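# Secondary and tertiary structure notes
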Amino acid sequence: MYGNDFAPPEDGPGGGLLGEVEAAEAALREAAARARRGGPAPDEDFAAYFADVIDADQKIEPRDWMPEAYRKTLIRQIAQHAHSEIIGMQPEGNWISRAPSLKRKAILLAKVQDEAGHGLYLYAAAETLGVSRDELVELLIDGRQKYSSIFNYPTLTWADVGAIGWLVDGAAIVNQVPLCRCSYGPYARAMIRVCKEESFHQRQGYEILHTLAHGTPEQKAMAQDAVDRWWYPSLAMFGPPDGDSTHSAQSMAWKIKRFSNDELRQRFVDMCVQQAEILGLTIPDPDLRWNEQRQAHDYTQPDYDELMQVIKGNGPCNRERMEHRRRAHSDGAWVREAAAAYAAKQRNKEKVAA
Amino acid sequence: MSTDHSPLWEVFVRARRGLSHTHVGSLHAPDAELALRNARDLYTRRQEGVSIWVVPASAITASSPDEKDAFFDPAADKVYRHPTFYEVPDGVAHL
């Protein structure tokens, strides 16, 4: 149990997704309980055993043999995900000191602390694949590994904190819920934990927007402006369209990824339409409409050229985010050194005593 | 935060009284005391536990799943260790 801050699954926005997280958790237990019958033995044909485990929807664990490309793909994906959580603390951290009330401030602090936690669960999952934490931190700081482009957009008003919770965390949840069923055990388990906590994030964002949208005309306009700015970048979070996605097919075969970028994007749009209606805010897409034939909404695609530009480092805040991360790392060096020196001193004392 | 100065710790949490400690994940810390504090902040932000153990990851000796069959073989042919192995005559109570 994760405390009692979660309402039952059918209650309110994101509820259905929380139910899916629980289903994934149950499936993980069920698959673990189900004995694999027959098939190649783990010590005979490594590749055949690996394929058989994946095929049986069971989990690959850290000490199992795995293809080198599977290991590399997972390290890249989990590390980028971890970096995103850490960099993602910045746009919201920007508003902690200016939150409109003590309650909002306490909630935002807890949320940003959760993001740090998510980053750490994920770094720990990546480390089980044989890469060290130091290497991962270096890769981010040197700019050799990426983080999600969404965090390169600025948070200009308090309403942006709401829009990030509703749209950015909402898109992240749609992306991440299927990862709870990923074939790599430590990643799947970390994602179950992350998704349960993200659900609080999405709801707090939705509540901020709902409050603003039902406040003064100025507050409502501020909420609408935030939604206008965050809508398309949120759609771009699902990555390039399926035709241009380079990693998808192999990741699907390995059951790292379960749905294509476009499928998930569609799902997100379909969810948001009704939620926007209840907010009383407009999704900034004049061509958004229900398509009876497809049983889904038609919508305008985000600007993928802009996405590519932001990925390349030319978004509004890329430099600022990286500078801040580097500064935080170097400013914290003395703390790490002091803690290490203290630990060494204590070890020496023990040796002398012994 | 070099890995030498801040080694890896495995974290075990007892969710409630009456349950055993369960592995929840890992973290880096320079010593046991900080590992405990970090574990509290990282793994029990929502009252997930009433007790935490931290163990240096380097102190754990693991059997590898790769050796699964050979290592656990001795148990496979001893079905008589399970109560279901035995035939119970009709009418026997409290057995």
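Parameters and conventions
Residues numbered from 1 in each chain as written. Chains lettered and ligands numbered in written order. Predicted model: local features only at pLDDT ≥ 70, side-chain atom pairs only at ≥ 80, totals over all residues. Heavy atoms only, no water. Helix = DSSP H or I, 4+ residues; strand = E, 2+ residues; numbered from the N terminus. Buried < 20%, exposed > 50% of the residue type's maximum accessible area, 1.4 Å probe, protein only. Contact = heavy atoms within 4.5 Å. Areas by Shrake-Rupley, 256 points an atom, 1.4 Å probe, with all protein chains shown as cover. Rg over C-alpha atoms; globule rule 2.2 N^0.38 Å. Salt bridge = Lys/Arg side-chain N within 4 Å of Asp/Glu carboxyl O. pLDDT = per-residue confidence, 0-100. Phe/Tyr/Trp six-rings, centres within 6.5 Å; stacked < 30°, edge-to-face > 60°. Expected span 1.5 Å × (residues − 1). Bend = angle between axes of the 7 residues up to and from the residue. Core = buried A, V, L, I, M, F, W, Y, C linked by side-chain atoms within 4.5 Å. Pairing = 2+ DSSP bridges. Axes fitted to C-alpha atoms, helices over the stretch in contact; angles between N-to-C directions. Nonpolar A, V, L, I, M, F, W, Y, C, P; charged D, E, K, R; others polar. Polar contact = N/O pair within 3.5 Å; in protein donor to acceptor, adjacent residues only side chain to side chain. Disulfide = S-S within 2.5 Å.

The next subject is the overall build of chain B. What chain B contains, in helices and strands, is two helices and three strands. The linear arrangement of helices and strands in chain B, starting from the amino end, is β-β-α-β-α. For chain B, with 95 residues in total, the buried portion stands at 23%. Here the analysis covers contacts within chain B between residues at least 6 apart in sequence; of these, 42% occur between residues at least 24 apart. Put simply, chain B shows about 6800 Å² of open surface, and 56% of that area lies on carbon and sulfur atoms.

Looking only at helices and strands, one finds 14 helices and two strands in chain A. In terms of overall size, chain A behaves like a compact globule, its C-alpha atoms giving a radius of gyration of 22 Å where 354 residues would be expected to give roughly 20 Å. Its C-alpha atoms give chain A principal-axis dimensions of about 70 × 55 × 40 Å. Out of the 354 residues belonging to chain A, those deemed buried represent 51%.

Two side chains carrying opposite charge are able to pair once their charged atoms lie near each other. All names here are of chain A. Counted under the stated rule, the structure contains 23 salt bridges over all chains. A salt bridge links Lys111 to Glu92, with the shortest nitrogen-to-oxygen separation between them at 2.3 Å. Residue Lys111 is located in helix α5 (residues 102-127), and its partner Glu92 is located in helix α4 (residues 89-93); the two are separated by 19 residues in the primary sequence. For the pair Lys111 and Glu92, a shared accessibility class is recorded, and that class is buried.

What follows is about the confidence of the model for chain A. Residues and elements named next belong to chain A. Of the residues in chain A, 93% reach a pLDDT of 70 or more, and the chain-wide mean stands at 90. Within chain A, helix α9 (residues 217-236) carries the highest mean pLDDT (98), whereas helix α1 (residues 15-33) carries the lowest (80). Scored below 50 in pLDDT, residues 1-14 shows 27 contacts in the model against residues more than four places distant or in partner chains.

Moving on: the packing of aromatic side chains. A full pass over the atoms with the stated rule returns 13 aromatic pairs over all chains. Taken together, a centroid distance of 6.2 Å and an interplanar angle of 75° make the contact between Tyr80 of chain B and Phe85 of chain B edge-to-face. Of the residues examined, Tyr80 of chain B reaches a relative accessible area of 43% and is grouped as partly exposed. Among the residues examined, Phe85 of chain B registers a relative accessible area of 46% and is labelled partly exposed. Site record: aromatic cluster; members linked through ring pairs are Phe46, Phe50, Trp65, Tyr70 and Trp254 of chain A.

A separate point is helix α11 (residues 261-279) of chain A. An α-helix turns once every 3.6 residues. As a result, residues three or four positions apart point the same way. Residue and element names in this part refer to chain A. Its 19 residues place the ends of α11 27 Å apart at the C-alpha level, agreeing with the 27 Å of an ideal helix rising 1.5 Å per residue. Along α11, the helix axis deviates most sharply at Cys272, where the bend reaches about 25°. Those residues of α11 that fall on the buried side of the exposure criterion are Asn261, Leu264, Arg265, Gln266, Phe268, Val269, Cys272, Val273, Gln275, Ala276 and Leu279. Looking at the buried residues of α11, the elements they touch are α7 (158-176), α8 (185-213), α9, α10 (248-253), β2 (296-298) and α12 (304-314). Within two residues after α11, Gly280 carries a phi angle of roughly 80°, on the positive side.

Residues and elements named next belong to chain A. Of note, Thr246 is situated in the loop between α9 and α10. Judged by relative accessible area, Thr246 falls into the exposed class, the value being 70%. In sequence terms Thr246 and Asp287 are 41 residues apart; their C-alpha atoms lie 29 Å from each other.

On to the nonpolar core, then. Within the largest apolar cluster, 99 residues are counted, with the highest numbers of intra-cluster contacts made by Tyr70 and Tyr184 of chain A. Contact partners of Tyr184 of chain A, with chain neighbours within four places excluded, come to Ile60, Glu61, Pro62, Met66, Tyr70, Leu74, Ile78, Ala125, Thr128 and Leu129 of chain A.

The subject of this paragraph is the sheet that holds strand β1 (residues 8-14) of chain B. All names here are of chain B. What the three strands build is an open sheet, ordered β2-β1-β3; its pairing is antiparallel. Each edge of the sheet is formed by a strand with only one pairing partner; in this case those strands are β2 (22-28) and β3 (51-56). On average, each strand axis in the sheet is tilted by 30° relative to the strand beside it, whichever way the strands run. Bridge analysis of β1 against β3 gives six bridges, and the strand direction is antiparallel.

A few words on unusual backbone geometry. A positive phi is found at Lys255 of chain A, a non-glycine position, where the angle reads about 60°. Examined against the element boundaries, Lys255 of chain A turns out to sit in the loop between α10 and α11. Non-glycine residue His94 of chain B carries a positive phi angle of around 55°.

What follows deals with the packing of α8 of chain A against α11 of chain A. All names here are of chain A. α11 packs onto α8 with a crossing angle of 40° between their chain directions and a minimal axis gap of 9 Å. Judged by residue contacts, Gln202, Tyr206, Leu209, His210 and Ala213 of α8 engage Met271, Gln275, Ile278 and Leu279 from α11. A per-class count over the contact of α8 with α11 returns six nonpolar, three polar and no charged.

Considered for burial, the residues of α12 of chain A that qualify are Tyr304, Leu307, Val310 and Gly313 of chain A. For α12 of chain A, the side-chain oxygen to backbone nitrogen distance between the N-cap and Asp305 of chain A is 3.0 Å, and the N-cap itself is Asp303 of chain A.

Residues and elements named next belong to chain A. Evaluation of the coordinates by the stated rule reveals zero disulfides over all chains. Sulfur of Cys182: no disulfide; nearest cysteine sulfur belongs to Cys180 and is 9.7 Å away. The exposure class of Cys182 is buried, given its relative accessible area of 0%.

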